[in-house]
Amino acid sequence: MSGENLELFDLPPGLNRTSSQYAAGKSWWNGNLVRWVNRTLTPIGGWVTKYNLPDISGIVEEAVRSTHSWRDLLKTPWAAYGSANALWASRINSNGTYTFYIITPAALGYNPGGKSGYGSGPYGVGPYGISPSGGTDLDSTAVWSFDNFGKMLVAVSSQDGRLIIWDPATPTVEAVAVGEAPVDNTLVVVTDEEFLMVMGGKNNPRRVKWASRRTYTDWVPTELNSAGGFDLQSNGVIIGACRVPGGVLVLTDTDAHLLEYVGPPYYYGRRRISTECELVSINAVFSVSFGAVWLGRSSFWMYNGAVNKLPCSVEYDVFLNSNLSQAHLVHGGINQYAQEAWWFYPSQDSSVPNRYAAYGYNKDTNNYWTSGEMPRTAWMNPIWQDKPLGFNDQTIYVQETGSTADGALRNVFAETGAIEINNGNSS
């Protein structure tokens, strides 16, 4: 082979799935469990089981769908794990072991009206004077939203609707609902200015409310506090939110909004920053070093001071060969170890996430996309280590470890587009 032909294999990083293998030509066309480091093709690291979450007496736990990590006031790292019908927390000890606590709040259930207490049910239904507390059982579409308010874990189950709080200083005490907070919520987020916000709900899916600064019980606006709220000017419903430089990015199923701190007396303003994007699920948006990235119904999106499409060379696999009818299962997160953003989604013939798409934004490598097969129900970039944690049902894996799939062989490969090679003859 001539030196001229060697140049054919200096391929740009990333998979090019936007055309047929023949049309892809001089590029990587297909692959599984591969990435690029300094433009060099390399396998994605393996994974090993770290723990299985403890069983909860009396229930069959749903798969873990949401996670969060934070530190308490003594700098001890903690993590929370939520399934549709259960909630766990763990302290990460100095020797790397985890101590688990089952912290599922009492009366966790589907709240069809987003209301509780006397008078919240239909007139004439049920015994007079008895609270209908709890509604019906949760189903598998319930997803948790997590944040930390200082040392405290705050959470909302998308079906239960109550604001839940848990104190790691008393880890054996289960999480409890904040009685003073709104009870009809979709998600929770804590702002950089230390305001606790709840958003959405079944009765008002465009509502944003916040408690007075540094409190979680003072929700009624007065002249003496900084509590407040408003409705987004949108025809969509709030799906997800995350902190970004300059405020809180709020995404609906039709548009994007930025909540910005403006000081007293209004404290927060809202500004619609795009009418061309949408979010597919609550866990499909997350912060990155340059702002935020998320998955919509037909495109990937990014926010870096403005909303733009994130060009994707594997979008055929994600949008045309997937089962996005299970949108609530779609989730993503950061792989800080490799400086990649990952999303997991079900393939066409699956009802659970079994494939991934990953966007590499390492400054030393040209931005690239890669995709492949990896069943995961949740993902975490923990604060106490650089390697991410992957979850499948109640099993916790340490990713980027070894070269096997928890001891089993992996199908690692990369395939180029059709390349014609000169036979090396010269005149």
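Residues numbered from 1 in each chain as written. Predicted model: local features only at pLDDT ≥ 70, side-chain atom pairs only at ≥ 80, totals over all residues. Heavy atoms only, no water.

The helix and strand tally for the protein chain stands at three helices and 32 strands. Counting only residues that meet the buried cut, the protein chain has 53% of its 427 residues in that class. Contacts in the protein chain between residues at least 24 apart in sequence constitute 51% of all its contacts with a sequence separation of at least 6. As displayed, the protein chain has an accessible area near 19,200 Å², and 49% of this comes from carbon and sulfur atoms. (Helix = DSSP H or I, 4+ residues; strand = E, 2+ residues; numbered from the N terminus. Buried < 20%, exposed > 50% of the residue type's maximum accessible area, 1.4 Å probe, protein only. Contact = heavy atoms within 4.5 Å. Areas by Shrake-Rupley, 256 points an atom, 1.4 Å probe, with all protein chains shown as cover.)

We now examine the pattern of salt bridges. Across all of its chains, the model carries 12 salt bridges by this definition. When the shortest N-O distance is used, the salt bridge between Asp10 and Arg39 registers 3.9 Å. Of this pair, Asp10 sits in the loop between helix H1 (3-6) and helix H2 (21-24) while Arg39 sits in the loop between strand E2 (34-37) and strand E3 (40-43), and the two are 29 residues apart along the sequence. Linked through salt bridges whose partners overlap, the residues forming this network are Arg35, Glu340 and Glu400. (Salt bridge = Lys/Arg side-chain N within 4 Å of Asp/Glu carboxyl O.)

Counted residue by residue, strand E10 (residues 152-157) has six buried out of six residues, so it is predominantly covered. Relative to E10, strand E9 (residues 144-149) runs antiparallel, the two sharing six bridges. When the bridges of E10 are listed, Asp147 appears paired with Val154. The loop that links E9 with its antiparallel partner E10 comprises two residues; one of these, Gly150, has a positive phi angle of about 65°. Summarising the sheet, E10 and strand E11 (residues 163-166) pair through four bridges and their orientation is antiparallel. Its bridge partner lying in E11, Ala155 is registered against Ile164. (Pairing = 2+ DSSP bridges.)

Moving on, we come to the sheet that holds strand E14 (residues 196-199). Spatially, E13-E14-E15-E16 is the arrangement adopted by the four strands of the open sheet, whose pairing is antiparallel. Edge positions in the open sheet fall to strand E13 (187-190) and strand E16 (228-231), since each of these has one partner strand only. Within this sheet the neighbouring strands show an average axis-to-axis angle of 15°, counted without direction. Bridge count between E13 and E14: four bridges; the pairing is antiparallel. Among the inter-strand pairings, Val189 is bridged to a residue of E14, identified as Met197. (Axes fitted to C-alpha atoms, helices over the stretch in contact; angles between N-to-C directions.)

With antiparallel pairing, four strands are arranged side by side in an open sheet as E5-E6-E7-E8. Single-partner strands in this sheet number two, and they are strand E5 (64-71) and strand E8 (98-102). Across the sheet, the mean angle from the axis of one strand to that of its neighbour is 20°, orientation sign disregarded. Sheet analysis places strand E7 (residues 86-92) next to E8, joined by five bridges and oriented antiparallel. Its bridge partner being in E8, Arg91 is matched across the sheet by Thr99.

Another aspect to go through is the packing of aromatic side chains. All chains considered together, the criterion is met by 29 aromatic pairs. Both rings, one in Phe195 and one in Tyr267, keep their centres 6.0 Å apart while their planes meet at 50°; by these two values the pair is tilted. Pair noted here: Phe195 is in the loop between E13 and E14 and Tyr267 is in strand E20 (residues 267-274), with a separation of 72 residues, a long-range link. Of the two residues, Phe195 and Tyr267, both sit in the buried class. Through pairs of rings, three or more aromatic residues link up here, namely Phe286, Phe290, Phe300, Phe319, Trp343, Tyr359, Tyr361 and Trp369. Between the NZ or CZ atom of Arg17 and the centre of the ring of Trp29, over which it lies, the distance is 4.5 Å. (Phe/Tyr/Trp six-rings, centres within 6.5 Å; stacked < 30°, edge-to-face > 60°. Lys NZ or Arg CZ within 6 Å of the ring centre and 35° of its normal.)

For the rest of this paragraph, the subject is the nonpolar core. Of all hydrophobic cores here, the largest spans 44 residues; its most connected members are Leu249, Trp294, Leu295, Phe300, Trp343 and Trp369. Apart from residues lying up to four places away in sequence, Phe300 is in contact with Trp294, Leu295, Lys309, Leu310, Cys312, Val318, Phe319, Trp343, Ala357 and Trp369. (Core = buried A, V, L, I, M, F, W, Y, C linked by side-chain atoms within 4.5 Å.)

Our focus in this paragraph is the environment of Gly161. Summarising the element assignment, Gly161 is placed in the loop between E10 and E11. Remark: the alpha-carbon pair of Gly161 and Val198, spanning 37 residues in sequence, is separated by 9.8 Å.

Below, the discussion takes up the confidence of the model for the protein chain. Looking at the protein chain as a whole, the pLDDT averages 90, with 90% of positions reaching at least 70. Residue range residues 1-6 is modelled with pLDDT below 50. Its contacts to residues more than four positions away, or to other chains, number eight contacts. (pLDDT = per-residue confidence, 0-100.)

Our focus in this paragraph is the side chain of Arg162. Counting through the fold element by element, Arg162 comes out in the loop between E10 and E11. Taking relative accessible area as the criterion, Arg162 reaches 18% and is therefore assigned buried. For Arg162, the side chain forms a polar contact with the main-chain oxygen of Ala106, separated by 3.0 Å. (Polar contact = N/O pair within 3.5 Å; in protein donor to acceptor, adjacent residues only side chain to side chain.)

Our next topic: the pairing of E14. Neither face of E14 is left uncovered, since the one carrying Leu196 and Val198 and the one carrying Met197 and Met199 both have all their residues buried. The antiparallel pairing of E13 with E14 creates a hairpin that spans five residues between the two strands, and Glu194 there sits at a positive phi of about 70°. The pairing of E14 with strand E15 (residues 207-210) spans three bridges and is antiparallel. Each bridged residue has a counterpart across the sheet, and for Met199 the counterpart in E15 is Val208.

To continue, consider the environment of Ser322. Mapping Ser322 onto the fold places it in the loop between helix H3 (315-320) and strand E25 (331-335). It is 8.8 Å that separates the C-alpha atoms of Ser322 and Arg355, two residues lying 33 residues apart in sequence. When neighbours within four sequence positions are excluded, Ser322 is seen to be in contact with Asp317, Tyr345, Pro346, Ser347 and Gln348. Within polar-contact distance, the side chain of Ser322 engages the backbone oxygen of Val318 at 2.3 Å.

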